[in-house]
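# Descriptive structure summary
Residue-level listing of the chains:
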Amino acid sequence: MPSWQNTLYRRLSRLSKPRAAGAAADIAELRRHYAYLFERFGAAPGDVTFEPGQLGPIKGEWLKLGAAPSDRLILYFHGGGYIAGSPETHRPLIARLCQAAEANAFVPAYRLAPEFMFPAAVRDGIDAYRHLLSKGIDPQSMVVAGDGAGGGLAFSVLLAARNARLAMPAACVAMSPWADLSLSGMSVLSNRDNDTALNWELLFLSARHYLKKTNPCEPYASPAFASLRDFPPVMVHGGSFEMLRDDASRLGDRAADAGIPVSIEIYDGMQHVFQANPDVPEARVSVQRLGQFIRSRTAPRVQPAAAVVAEG
């Protein structure tokens, strides 16, 4: 049964939820909706520092724990429907994951639609990953992760890495991933009245801005349709009340089909990216479990992240 804190938070979220974007909504209106969602993240922990960085041509931000370099690195892709968000908007959420995982992170400022349509985000992600490998970082000390659209992008980047025959990271982690831009999951309909964060118009218009005329079932855009053969172990957390619940389940099915170690956890009564609210017990449990998974799957790096920051 969901906690009382989550029940209260859900009721307040329903009261303050912005109106659904209409079919004629412009990009500024859509981005205002995402900005409302980002406000849920609260404040960033005080023991995590943020530094601008760059991996090859890809700008972004480093999150570092304390003064000593960690022996783990998370390549994290922020959410925002491929049209909104930045490393700065997601600082609190990513920082809490870094704390739980005892890891540093690099968050690429990948290009957003409609200014840069598919596959710009995937290209930026694979360029960042390739640059980390070129710096001599052990892939078995790295994890690729993300939330929402960033969770789907994490899988798309690994699909590109596998097909390019690059060394794969130690694991892949996602919170409420958007992995099917065709919106074909049954939960998109069954949870439309339960989800206090998303609505069909917002998802449809975000996908249209990102894809333009690309088939939404293209695996690099919608990894729910991809083969996850040769992927690293996967952990995905979602909420039972979110419209994208089935995206998480279908990624689990694809991993199971490929014989990949996978853990899909759907939290009862939870919303899209429920980990955003640190006051909800289920959010803390989820982040701690994701952190423990990252710690268990990673090995010490050959080169500390501090050295990459200095070079990047």
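Right, let's walk through the structure included here. Since the structure is predicted, the reported quantities are computational estimates derived from the model, not experimental observations.

### Some remarks on unusual backbone geometry
Only a minority of non-glycine residues have a phi that is not negative, and only a minority of peptide bonds are not trans. For the bond running from alanine 113 to proline 114, omega is 0°, close enough to zero to count as cis. In this fold, proline 114 is placed in the loop between strand E4 (104-108) and helix H4 (120-134). Backbone torsion omega between phenylalanine 118 and proline 119 reads 10°, so that peptide bond is classified as cis. In this structure, arginine 165 takes a positive phi of about 60° despite not being glycine.

### A look at the sheet that holds E4
Across the sheet, which stays open at both edges, the 8 strands sit in the order E1-E2-E4-E3-E5-E6-E7-E8 with mixed pairing between neighbours. In this open sheet, the two edge strands, each paired with only one partner strand, are strand E1 (48-55) and strand E8 (262-267). Sheet twist, expressed as the average angle between the axes of neighbouring strands with direction ignored, equals 20°. By the bridge criterion, 4 bridges tie strand E6 (residues 171-175) to strand E7 (residues 234-239) in an arrangement that is parallel. Note that in E7 the partner of cysteine 172 across the bridge is valine 234. Of the strands in this sheet, E1, strand E2 (58-65), strand E3 (73-77), E4, strand E5 (142-147) and E6 touch helix H3 (residues 91-101), which is tilted by about 50° from E2. Against the sheet, H4 engages E1, E2, E3, E4 and E5, with an angle of about 170° to E3.

### Side note on the packing of aromatic side chains
Any two aromatic rings considered together are summarised by their centre-to-centre distance and by the angle between their planes. In total, this model carries 10 aromatic pairs according to the counting rule given. Plain terms: the ring middles of tyrosine 34 and phenylalanine 38 are 6.4 Å apart, the flat faces sit at 25° to each other, and that makes the pair stacked. Placement of both tyrosine 34 and phenylalanine 38 in helix H2 (residues 27-38) is noted, with a separation of 4 residues, approximately one turn of the helix. In this pair, the class of tyrosine 34 matches that of phenylalanine 38, namely buried. Ring centres of phenylalanine 155 and phenylalanine 231 lie 6.3 Å apart, and the angle between their planes is 15°; on these two criteria the pair is classed as stacked. Taken as a pair, phenylalanine 155 in helix H5 (residues 149-163) and phenylalanine 231 in the loop between helix H7 (200-211) and E7 lie far apart in primary sequence, 76 residues in all. Take phenylalanine 155 and phenylalanine 231: they sit in the same class, and that class is buried. Following the ring pairs from residue to residue traces out a cluster consisting of Tyr82, Phe118, Trp178 and Tyr210. Positioned above the aromatic ring of phenylalanine 50, the side-chain terminus of arginine 91 is 4.7 Å from the ring centre. Just above the ring of phenylalanine 225 sits the side chain of arginine 250; from NZ or CZ to the centre is 5.0 Å.

How each quantity is defined
- Residues numbered from 1 in each chain as written.
- Predicted model: local features only at pLDDT ≥ 70, side-chain atom pairs only at ≥ 80, totals over all residues.
- Heavy atoms only, no water.
- Helix = DSSP H or I, 4+ residues; strand = E, 2+ residues; numbered from the N terminus.
- Pairing = 2+ DSSP bridges.
- Axes fitted to C-alpha atoms, helices over the stretch in contact; angles between N-to-C directions.
- Contact = heavy atoms within 4.5 Å.
- Phe/Tyr/Trp six-rings, centres within 6.5 Å; stacked < 30°, edge-to-face > 60°.
- Buried < 20%, exposed > 50% of the residue type's maximum accessible area, 1.4 Å probe, protein only.
- Lys NZ or Arg CZ within 6 Å of the ring centre and 35° of its normal.

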